[in-house]
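Close look at the chain arrangement
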Amino acid sequence: QVQLVESGGGLVQAGGSLRLSCAASGRTFSSYTMGWFRQAPGKERVFVTAITSGGNTYYADSVKGRFTISRDNAKNTVSLQMDSLKPEDTAVYYCAARGRNSWYRISYLSEWDYWGQGTQVTVSS
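Residues numbered from 1 in each chain as written. Predicted model: local features only at pLDDT ≥ 70, side-chain atom pairs only at ≥ 80, totals over all residues. Heavy atoms only, no water.

**Notes on the overall build of the protein chain**
Note the threshold: Strands here are runs of E lasting at least two residues and helices are runs of H or I lasting at least four, both read from the DSSP assignment and numbered beginning at the N terminus. Per-residue accessibility, obtained with a 1.4 Å probe over protein chains only, is compared with the maximum for each type, and a residue is labelled buried under 20%, exposed over 50%, and partly exposed between these values. The contact criterion used throughout is that any non-hydrogen atoms of two residues lie within 4.5 Å.
Helix and strand content of the protein chain: zero helices and eleven strands. Along the protein chain, helices (α) and strands (β) appear in the sequence β-β-β-β-β-β-β-β-β-β-β when read from the amino end. Along the first, second and third principal axes, the C-alpha atoms of the protein chain reach 40 × 25 × 25 Å. A burial count over the protein chain gives 42% of its 125 residues as buried. Sequence separation of 24 or more characterises 58% of the internal contacts of the protein chain that already satisfy a separation of 6 or more.

So, in structure tokens, the structure goes:
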């Protein structure tokens, strides 16, 4: 079993930075692929980024070059560093985990096993 709790959301001006954190419970955290999704007002939840147990990363085109995902297995945490934020980044951000050891259907919501409750990020212009 894995429980995920996000933190770090808030209000920031366009061009600014924000760092989200996801705390995970469970002894097998280090073996999971971790990811972040987001859902803007009136929109569907979409894939943002993911990191494997070995540290390989993958980013959606919309955030590549601006966002950085990382993990600290010793602390059972995964982080999302968001730089050069835009108003279009405004959304509820969700932390997720899955046991697959591949990139197979990485952006499909149904392929992820565990979800956090989300944290709000608002970027003002």
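From this point, things continue past the structure.
**Points about the state of the cysteines**
Put simply, the rule reads: Count a disulfide wherever a pair of cysteine sulfur atoms falls within 2.5 Å.
Going through the model one piece at a time under the given rule, you end up with one disulfide. A disulfide bridge connects cysteine 22 with cysteine 95, and the sulfur atoms are separated by 2.1 Å. What sets the handedness of the cysteine 22 and cysteine 95 disulfide is the S-S torsion sign, and at about -85 degrees it is left-handed. Taken together, the positions of cysteine 22 in strand E3 (residues 18-24) and cysteine 95 in strand E9 (residues 91-98) put the pair 73 residues apart, joining distant regions of the chain. As far as the burial class goes, cysteine 22 and cysteine 95 line up, both buried.

**Focus on the sheet that holds strand E7 (residues 67-72)**
The following threshold applies: Note on pairing: two strands pair once DSSP finds at least 2 bridges between them. A fitted line through C-alpha atoms represents every axis, and for helices the fit uses only the stretch in contact; the resulting angles, taken between N-to-C directions, go from 0 to 180 degrees.
Taken in spatial order, the four strands of this open sheet run E1-E3-E8-E7, and their pairing is antiparallel. The strands lining the two open edges of the sheet, one partner per strand, are strand E1 (4-7) and E7. Recorded for the sheet is a direction-independent mean angle of 15 degrees between the axes of neighbouring strands. Here four bridges tie E1 to E3, and the two strands are oriented antiparallel to one another.

**Digging into the pairing of strand E8 (residues 77-82)**
Taken across its six residues, E8 has five buried, putting it largely inside the fold. Pairing of E3 with E8 involves six bridges; the strand directions are antiparallel. Opposite leucine 18, over in E8, you have methionine 82 as the bridge partner. Here E7 pairs with E8 via six bridges, running antiparallel. Across the sheet, residue arginine 71 finds its bridge partner in E8, namely valine 78. A loop of four residues connects E7 with E8, the two strands running antiparallel in sequence, and asparagine 76 in this loop sits at a positive phi of about 55 degrees.

Without other data, these values stay purely geometric and don't point to any function.
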